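Spelled out from the first residue to the last, the chains are:
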Amino acid sequence: MKTGFPVIIIGIVMFASGLVMFYSIELGQTDPFLRLIKNIGTFIGLAGMGVTLAGILLNLISKSKQPIQENFDV
């Protein structure tokens with residue numbers, strides 16, 4: 001199994017959990033604990049997007065390329 005796919009899956013899970021944490025709290029809450037959860041959700045969502053992008057790049061970098069076949073027969 002390539003390295004990129006587990007990283008992509010972890011990033012998607014992080015992004016989804018960040019969305020849940022951010023949108024489950026109503027806007028304008030004055031309770032500091034709920035505001036902390038909303039801010040943590042923002043951070044986790046943004047970090048999840050970065051981890052997903054890193055997984056996609058790892059997947060693209062680790063692909064094996066076909067060797068160039070040069071035929072100089074005349």
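Computed from a predicted structure; not experimentally measured.

Trainee: Help me out: how do you make sense of the overall build of the chain in this one?
Mentor: In terms of helices and strands, the chain carries two helices and zero strands. Across its three principal axes, the chain shows a C-alpha extent of roughly 80 × 20 × 15 Å. By the burial criterion, 16% of the 74 residues in the chain qualify as buried. Nonlocal contacts in the chain, meaning residues at least 24 apart in sequence, comprise 66% of its contacts between residues at least 6 apart. Surface accessibility of the chain: about 6,100 Å² in total, with carbon and sulfur atoms responsible for 70%.

Trainee: So what exactly am I meant to see when it comes to the UniProt feature "transmembrane region" (unreviewed entry) in the chain here?
Mentor: Taking the UniProt record as the reference, the feature "transmembrane region" (unreviewed entry) is found at residues 7–25 and 40–61. Here residues 7–25 is 89% helix and 0% strand, with 28 Å between the C-alpha atoms at its ends. From the first C-alpha to the last, residues 40–61 spans 31 Å; its make-up is 100% helix and 0% strand.

Trainee: Help me understand the packing of helix H1 (residues 4–23) against helix H2 (residues 32–61), please; the structure alone is not making it clear to me.
Mentor: Helix-helix packing is characterised by the crossing angle of the two axes and by the distance between the axes. Where H1 meets H2, the closest approach of the two axes is 7 Å, and the angle between their N-to-C directions is 160°. On the basis of their axis angle, the class for H1 and H2 is roughly antiparallel. By crossing handedness, the relation of H1 to H2 is classed as left-handed. Partitioned by chemical class, the residues of the contact of H1 with H2 number 16 nonpolar, 11 polar and one charged.

Parameters and conventions
- Residues numbered from 1 in each chain as written.
- Predicted model: local features only at pLDDT ≥ 70, side-chain atom pairs only at ≥ 80, totals over all residues.
- Heavy atoms only, no water.
- Helix = DSSP H or I, 4+ residues; strand = E, 2+ residues; numbered from the N terminus.
- Buried < 20%, exposed > 50% of the residue type's maximum accessible area, 1.4 Å probe, protein only.
- Contact = heavy atoms within 4.5 Å.
- Areas by Shrake-Rupley, 256 points an atom, 1.4 Å probe, with all protein chains shown as cover.
- UniProt positions renumbered as here; feature names shortened; annotations may be inferred.
- Axes fitted to C-alpha atoms, helices over the stretch in contact; angles between N-to-C directions.
- Parallel < 35°, antiparallel > 145°, perpendicular 65-115°, else oblique.
- Left-handed = near helix turned anticlockwise from the far one by under 90°.
- Nonpolar A, V, L, I, M, F, W, Y, C, P; charged D, E, K, R; others polar.

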